[in-house]
Amino acid sequence: MPYVVLAILWTAWCAMHSLLISRPVVAGLKVRFGDSYRYYRLAFNGISVVTLVPVLLYSGALHGEPLFAWAGVWRPVQFLLAASALALFAGGARHYDLFQFLGVRQVAEHESKGGLTETGGLDTSGILGVVRHPWYSGGILIIWARPVDKATLVTNLVLTAYLVIGTILEERKLVAEFGDEYRDYQERVGMLVPGAKWKKL
């Protein structure tokens, strides 16, 4: 039962996170708040962190004996997963605007751009020419690069599903924003796995 509760908590957090950045909600808030909408990304990040804390605390209280540990011959695989994740995070950080991601730039410049680049435009260079969502790919790799007990297994399964579904939803927003330019990008570059060409969304 505790693990069912944990799955529900993670699912609820993921659903709330996606809802708050969904196109209908964002469009409605832009109309409702006007210029004050520039604070939304900052508020969204704050809400995400605050609501994540109790889920992490509950999950931490359930940790027990590992079902699987990265030991022996599996240690190099763990290192490879972690190193690949860090490379994806670092590669993405070279192209994404951290201040835009945090919501600081929107407040300072009185403007909310759609993309995470400094200009808000579509960037397909560097790591983004290898995989379209390096941070999501890295997120999936890093959560599995740790010992897995029952609580971790539940957490990882929910978060993996969320990252895949969230990426698909993000793709739809990007297609709506950039149109054929993004569709062409989808044809050339894999969504989460380099070289894997998924059907256009």
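In this text, all values refer to a predicted model and were calculated from it rather than measured experimentally. (Residues numbered from 1 in each chain as written. Predicted model: local features only at pLDDT ≥ 70, side-chain atom pairs only at ≥ 80, totals over all residues. Heavy atoms only, no water.)

**So, the overall build of the protein chain**
Across its full length, the protein chain carries 9 helices and 0 strands. When the helices and strands of the protein chain are listed from N to C terminus, the series reads α-α-α-α-α-α-α-α-α. Taking 201 residues into account, the globule formula puts the C-alpha radius of gyration at 17 Å, and the protein chain, at 18 Å, falls close to it. Within the protein chain, counting contacts between residues at least 6 apart in sequence, those at least 24 apart form 72% of the total. Carbon and sulfur atoms make up 69% of the accessible area of the protein chain, which totals about 11,200 Å². Of the side chains in the protein chain, 19 bear a positive and 15 a negative charge, and the two mean positions are spaced by 5 Å. (Helix = DSSP H or I, 4+ residues; strand = E, 2+ residues; numbered from the N terminus. Rg over C-alpha atoms; globule rule 2.2 N^0.38 Å. Contact = heavy atoms within 4.5 Å. Areas by Shrake-Rupley, 256 points an atom, 1.4 Å probe, with all protein chains shown as cover. Lys, Arg positive; Asp, Glu negative; His and termini not counted. Charge placed at Lys NZ, Arg CZ, Asp CG, Glu CD.)

**Section: the packing of aromatic side chains**
The tally for this structure, following the rule as stated, stands at 10 aromatic pairs. Residues Tyr37 and Tyr40 carry aromatic rings whose centres are separated by 5.5 Å and whose planes lie at 20 degrees to one another, so their mutual orientation is stacked. Taken as a pair, Tyr37 and Tyr40 share a single burial class, namely buried. For the pair Trp70 and Trp74, a centre-to-centre distance of 6.4 Å together with 75 degrees between the ring planes defines the contact as edge-to-face. Trp70 sits in the buried class, given a relative accessible area of 11%. (Phe/Tyr/Trp six-rings, centres within 6.5 Å; stacked < 30°, edge-to-face > 60°. Buried < 20%, exposed > 50% of the residue type's maximum accessible area, 1.4 Å probe, protein only.)

**A short note on the pattern of salt bridges**
For the coordinates displayed, the defined rule picks out 5 salt bridges. Here Asp35 and Arg38 are joined by a salt bridge, their closest N and O atoms 2.3 Å apart. Looking at Asp35, the relative accessible area reads 46%, which means it is partly exposed. Linking Arg132 and Glu171 is a salt bridge whose minimum nitrogen-to-oxygen distance equals 2.6 Å. Here Arg132, found in the loop between α6 (104-109) and α7 (134-144), pairs with Glu171, found in helix α8 (residues 150-178); they are 39 residues apart in sequence, far enough to count as distant. One exposure class covers both Arg132 and Glu171, and it is buried. (Salt bridge = Lys/Arg side-chain N within 4 Å of Asp/Glu carboxyl O.)

**Here we look at the side chain of Arg132**
For Arg132, a relative accessible area of 4% translates into the label buried. At 3.3 Å, the side chain of Arg132 forms a polar contact with the backbone oxygen of Gln186. At 2.4 Å, the side chain of Arg132 and the backbone oxygen of Val189 are in polar contact. In contact with Arg132, other than residues within four places in its own chain, are Tyr96, Glu171, Tyr182, Tyr185, Gln186, Val189, Gly190 and Met191. (Polar contact = N/O pair within 3.5 Å; in protein donor to acceptor, adjacent residues only side chain to side chain.)

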